[in-house]
Amino acid sequence: MSKIETDLIHQGSAFNETNAVVTPIFQTSTYYADSDLQAYIIAATATKHPGFYHRHGNPSNSQAAAIIASLEKTEDALVLATGMAAISTAILAVVKAGDHVVTQHSLYSGAMLFFREFLSDYGVQVTHVNQTDNKAFEDAIQENTKLIYVETPSNPNLAITDLAFIGELGKKHNITTMVDNTFASPINQQPKDYGIDVIVHSATKYLGGHSDLTAGAVCGSKDYIHKVWRRSLTLGGSLSPFDSWLLVRGLKTLSMRVKQINENALALAKWFEADRRIKYTGYVGLESHPQYELAQKQMKGGTGMLSVELIGDSEEQAYQNAQQVLNKLKIFANAASLGGVESLVVHPASMWGGHHNQQQKQSGGITAGMLRISVGIEHIDDLIADFDQALEGLQA
Ligand SMILES: *Cc1c(COP(=O)(O)O)cnc(C)c1O
């Protein structure tokens, strides 16, 4: 195996059987049968075969999966149409009615809905625990627990789950462990190093990196990916040929992008920390992060994800301040999503107001004056100047 930067460019190139330097887009739903009947039977039944029917596989889907598997150090991977397709299909390949899942309070909103509404309707029990409390995970395990599902750093409060602990806990009790590694990206964190079985991604974010596609990935053992693929045949979340081509293209610069994003985010976080209009700066690369040491241990960089708590003594004032800053920012666009080359910002308290009740917001760490920021690769001086003017005149 080569180093990550090399794998990003060359991994999976064997799936390109043409002379084109770049794997062409196979924009086709189906493929001609081989005149050799035996070969056609194999094509129809082989896992992820890239030449039978699109829901089974496609050359650039195979290439993207090979790159992502090598990034996550797993035997195999499967790419799907969205991060949620990856998460739901991955989980449904592990649990069935009567099983139990242990997960954390703070989760991506789509994953939260999946656990709260979907799984409970289908007879799977779920326990949510505080992700910073290792013992809580262990205490929540039951006889029928089949999955421990975590997200670290989590959305939007950037709390960390102890991956080495979770990996060991899963092994000790023979429970599958799954990590949503979207926020960290494999450049900053490789959960396989800590014995985690399955890694899921919203490739819409850092992996794709240009806010021009949606995609998801599931990484794990060959046997497990075969099960996920079988599930995907019936759930049907296959990634389109064009989107997987864009994903392969975006992946080539992943390492460069993430390194620049780490650097920009740390500089911006330090600037926020020194500014009195910001009450609190949440960034895993700052020594003031309550789990800084754990972050240093399991992560190579701080990511581009930051959350800041604006001044504002009352809840109303803090909410109003957040709205003012959103309206005044010029480079940071107010848009959902993250992980692209452009800087984005959202106000979780208003964006997720419809999905979460007050108690869910609280346990998810969402407050009235919190902004969640995804730092891009623009020049750091411009990013700081943009916030400096947007914070002008905030009321305490
Ligand atoms: C965006 C996101 C998802 C869902 O991905 P989609 O591609 O939007 O379906 C899952 N987990 C995390 C952490 C995310 O940020």
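Structure shown above.
Residues numbered from 1 in each chain as written. Predicted model: local features only at pLDDT ≥ 70, side-chain atom pairs only at ≥ 80, totals over all residues. Heavy atoms only, no water.

Draft legend 1. View of the overall build of the chain. Broken down by element type, the chain carries 16 helices and 12 strands. Over its C-alpha trace the chain gives a radius of gyration of 21 Å, about what one expects of a compact globule, namely 21 Å for 396 residues. Principal axes of the C-alpha set define a box for the chain whose edges measure 75 × 50 × 35 Å. When the accessible area of the chain is evaluated, it comes to approximately 16,800 Å², of which 51% is carbon and sulfur surface. Here the chain contributes 30 positive and 40 negative side-chain charges, whose respective centroids are spaced 3 Å apart. (Helix = DSSP H or I, 4+ residues; strand = E, 2+ residues; numbered from the N terminus. Rg over C-alpha atoms; globule rule 2.2 N^0.38 Å. Areas by Shrake-Rupley, 256 points an atom, 1.4 Å probe, with all protein chains shown as cover. Lys, Arg positive; Asp, Glu negative; His and termini not counted. Charge placed at Lys NZ, Arg CZ, Asp CG, Glu CD.)

Draft legend 2. Summary view of the sheet that holds strand β12 (residues 370–374). Ordered by their spatial adjacency, five strands build an open sheet running β8-β9-β12-β11-β10, and the pairing between neighbours is mixed. Where the open sheet ends on each side, the last strands, each with one partner, are β8 (278–282) and β10 (333–334). Pairing of strand β9 (residues 305–310) with β12, which is carried by five bridges, proceeds in the antiparallel orientation. Note that in β12 the partner of Leu306 across the bridge is Ile373. (Pairing = 2+ DSSP bridges.)

Draft legend 3. Structural context of the packing of aromatic side chains. In total, this model carries nine aromatic pairs according to the counting rule given. When the centroid spacing of 6.3 Å and the interplanar angle of 65° are considered together, the rings of Phe114 and Phe115 count as edge-to-face. By the burial criterion, Phe114 is buried, and Phe115 matches it. Ring plane angle 70° and centroid distance 4.8 Å describe the contact between Phe332 and Phe387, whose orientation is recorded as edge-to-face. Of this pair, Phe332 sits in the loop between α13 (315–328) and β10 while Phe387 sits in helix α16 (residues 380–390), and the two are 55 residues apart along the sequence. (Phe/Tyr/Trp six-rings, centres within 6.5 Å; stacked < 30°, edge-to-face > 60°. Buried < 20%, exposed > 50% of the residue type's maximum accessible area, 1.4 Å probe, protein only.)

Draft legend 4. Structural view of the nonpolar core. Counting 36 residues, the largest nonpolar core has Ile68, Val79, Leu207, Leu247, Leu251 and Leu254 as its most contacted members. Elements with a minimum of two residues in this core: α3 (59–71), β1 (76–80), β7 (216–220), α10 (241–251), α11 (254–273) and α12 (292–298). Composition of this core by domain shows at least three residues from each of domain 1 (4–251) and domain 2 (255–390). Beyond its immediate chain neighbours, meaning those up to four positions away, Ile68 contacts Val79, Leu207, Ala217, Cys219, Leu247 and Leu251. If you look at the next biggest cluster of nonpolar residues, it comprises 30 residues, including Ala85, Leu107, Leu119 and Val200. (Core = buried A, V, L, I, M, F, W, Y, C linked by side-chain atoms within 4.5 Å. Domains from an automatic or database assignment. Contact = heavy atoms within 4.5 Å.)

Draft legend 5. Here's a closer look at the packing of α13 against α16. α16 packs onto α13 with a crossing angle of 130° between their chain directions and a minimal axis gap of 8 Å. With respect to α16, the element α13 is oriented oblique. The way α13 lies across α16 gives a crossing that is right-handed. Residues Gln324, Val325 and Lys328 of α13 form the contact with α16, whose participating residues are Asp386, Phe387, Gln389 and Ala390. (Axes fitted to C-alpha atoms, helices over the stretch in contact; angles between N-to-C directions. Parallel < 35°, antiparallel > 145°, perpendicular 65-115°, else oblique. Left-handed = near helix turned anticlockwise from the far one by under 90°.)

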